[in-house]
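Analysis of the macromolecular model
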Amino acid sequence: MIVTTKQLFKHAYGRYAVGAYNINNLEQTVGLFRGNLGKSAKNEDPNDNAQSAPFILQISRGARGYSDKRFLEAMIRTADQVFPEVIFAVHLDHGTEEACYDCIESGFYSSVMIDASHEEFEKNIEITRRIVDRAHAKGIVVEAELGQLGGVEEDVVGSVCLTDPAQAAEFVEKSGCDSLAVAIGTSHGAYKFSGKQGLRLDVLTEIQKALPKNFPMVMHGSSSVPKEWVDRINAAGGKLGSASGVNEDQYLPAAKLGVCKVNIDTDGRLVWCAIHREAFRDDPANFDLRPIGKAFMAEYAKYIIHKNTKLGSAGQLEGVRKSLK
Ligand code: G3H
Ligand code: 13P
Ligand code: ZN
């Protein structure tokens, strides 16, 4: 069942965060749905829902252009039929104005992100407000961003600029956005921290105090870049250097301070890379794509289960279902 992120955040606020996972293809989609049902393989007990979680499926502009956006839409609709128990939101990640309008008009997305964080404060408000007016008229919710992450966001190269708590309340009030992506020290990609840095929970605390009560925040650049996966990739011929990510034990403290959505893309790519590199290394005579695709779907599902446990969303699916009645 597709719902809005707003509906998911209402249940999560202050208690756990909902995982927002980027997808590009069929194998990621199947792994994602299975993982959020708490199943890593097809034959696991369908009645065991101890680990099942609500989730956000997010699609970047890059993903929409990878093949044809209609393939993604068709795949997601099909997954919704194959896995009728799931509850999820369909979200545009890092949208431009043009991409937001396209998704709002499509009637398929339940949530869009307008990313005008690289603009001046007033201009960011003005653009976000336009999207909010168009989206709300169709029952679609809007995530906006204030502050800038490090690393690369699609084609915007950001220099780190943490969200200013003093600006956050004014931005939310004037733009009318439904959730706010905040910059609290993370960056996109596999190289987030060069030393012992981590999340700026002190800044997050101040932003939460400044915002209206129970206003949901979003954390981008939240992959943990697990050493285990980086080592596996490097052992199979990869060259990832000193990759490092967010400490997973900081997800829940961030959730308690109002972060309701945690964005994860890079970790999924690492799982994909490790499984494929190992498969080619270990069985050079194989040229069949399906055994590798199956191994990836199972590992990705397992990884989603692990991630949801760290986010606190594992086991929350039935609670969300009740909250929607
Ligand atoms: O924040 C960016 C996301 O990780 C999406 O990446 O534009 O390469 O699909 P992408
Ligand atoms: P990561 O690169 O840490 O996975 O961040 C993904 C993201 O923020 C998508 O919007
Ligand atoms: Zn992002």
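The structure presented is a predicted model; accordingly, all values stated were derived computationally and were not measured.

**Remarks on the pattern of salt bridges**
On inspection of all chains with the given rule, the structure shows 25 salt bridges. For R134, the salt bridge is made with E105, and the minimal N-O distance between the two is 3.6 Å. On the criterion of sequence distance, the pair formed by R134 in helix 6 (residues 121-136) and E105 in helix 5 (residues 97-106) is long-range, its members being 29 residues apart. Relative accessible area serves as the criterion here: at 43%, E105 is assigned to the partly exposed category. Two residues, E278 and R232, come together in a salt bridge whose shortest N-O distance is 2.8 Å. Here E278 is found in helix 11 (residues 266-282), whereas its partner R232 is found in helix 9 (residues 227-235), with 46 residues between them in sequence. Taking relative accessible area as the criterion, R232 reaches 24% and is therefore assigned partly exposed. Connected through shared salt-bridge partners, R64, K69 and D102 make up one network.

**Structural notes on the pairing of strand 4 (residues 111-114)**
Side chains of strand 4 alternate between two faces, with S111 and M113 and V112 and I114 buried alike. Direction of pairing for strand 3 (residues 88-95) relative to strand 4: parallel, over a ladder of three bridges. Across the sheet, residue L92 finds its bridge partner in strand 4, namely V112. Note that the unit made of strand 3, helix 5 and strand 4 has a crossover that is right-handed. Alignment of strand 4 against strand 5 (residues 141-146), held across four bridges, turns out to be parallel. Looking at strand 5, one finds that I114 is bridged to A144. On the question of chirality, the crossover connecting strand 4 to the parallel strand 5 by way of helix 6 is right-handed.

**Some thoughts on the nonpolar core**
Core analysis: the biggest nonpolar cluster contains 95 residues, and L8 and L57 have the highest contact counts within it. Aside from chain neighbours lying at most four places away, what touches L8 is V3, V18, P54, F55, I56, I87, A89 and V320.

**As for the pairing of strand 5**
Counting buried positions over the six residues of strand 5 gives six, a clear majority of the element. Side chains V141, E143 and E145 project from strand 5 onto one buried face, and the interleaved V142, A144 and L146 project onto a second face that is buried too. Here strand 5 runs beside strand 8 (residues 179-182); their pairing, made up of four bridges, is parallel. Paired with E143 across the two strands is S179, which belongs to strand 8.

**Description of the site of ligand 2**
The environment of ligand 2 is formed by 15 residues, the closest being D93, K192, S223, D265 and T266. A distance of 3.0 Å is found between an oxygen atom of ligand 2 and a side-chain nitrogen or oxygen belonging to H188. H220 is positioned with one of its side-chain polar atoms (N or O) 3.1 Å from an oxygen atom of ligand 2. Notes on ligand 2: free accessible area 310 Å², of which the protein chains cover 97%.

**A closer look at the packing of aromatic side chains**
Scanning the model with the defined rule gives seven aromatic pairs in all. Arranged with centres 5.2 Å apart and planes meeting at 85°, the rings of F33 and F55 form a pair that is edge-to-face. Remark: F55 occurs in strand 2 (residues 55-60) and F33 occurs in helix 2 (residues 26-36); sequence separation between them is 22 residues. Using a relative accessible area of 0% as the deciding quantity, one classes F33 as buried. Relative to Y109, the ring of F108 lies with its centre 5.9 Å away and its plane at 85°, an arrangement referred to as edge-to-face. Residue class for F108 comes out buried when judged on its relative accessible area of 5%. Here a set of aromatic residues connected by ring pairs shows up, and it is made of F33, F55, F83 and F88.

Reading guide: rules and limits
Note that residues are indexed from 1 along each chain, following the sequence as it is written. The order in which chains are written sets their letters, starting at A; the order in which ligands are written sets their numbers, starting at 1. Totals for whole chains, interfaces and linings use every residue, but because this is a predicted model, local features are given only for residues with pLDDT of at least 70 and side-chain atom pairs only at 80 or more, for both listing and counting. Only hydrogens and water are set aside when side-chain values are computed; all heavy atoms of the structure are taken into account. Definition used for salt bridges: Asp or Glu carboxyl oxygen within 4 Å of a side-chain nitrogen of Lys or Arg. Secondary structure elements are taken from DSSP: a helix is a run of H or I of four residues or more, a strand is a run of E of two residues or more, and numbering for both begins at the N terminus. Relative accessible area decides the class of each residue, using a 1.4 Å probe on protein chains only: under 20% of the type maximum gives buried, over 50% gives exposed, and in between gives partly exposed. Here, strands pair whenever DSSP counts at least two bridges between them. Seen with its strands pointing away from the viewer, a crossover is right-handed if its path from the first strand over the helix to the second goes clockwise. The set of buried Ala, Val, Leu, Ile, Met, Phe, Trp, Tyr and Cys residues whose side-chain atoms join them within 4.5 Å is what this entry labels a nonpolar core. A contact between two residues is defined here by any heavy atoms of the two lying within 4.5 Å. A molecule or strand has a residue near it when one of that residue's heavy atoms lies within 4 Å. Any pair of N or O atoms that falls within 3.5 Å is considered a polar contact. Within protein, one atom must be able to donate a hydrogen and the other to accept it, and sequence-neighbouring residues count only if both atoms are side-chain atoms. In these tables, accessible area is a Shrake-Rupley quantity obtained with a 1.4 Å probe, and a residue counts as shielded only by the protein chains included in the view. Stacked, tilted and edge-to-face are the three classes assigned to paired rings of Phe, Tyr and Trp, where Trp is represented by its six-membered ring and a pair needs centres within 6.5 Å; plane angles under 30 degrees give stacked, over 60 edge-to-face, the rest tilted.

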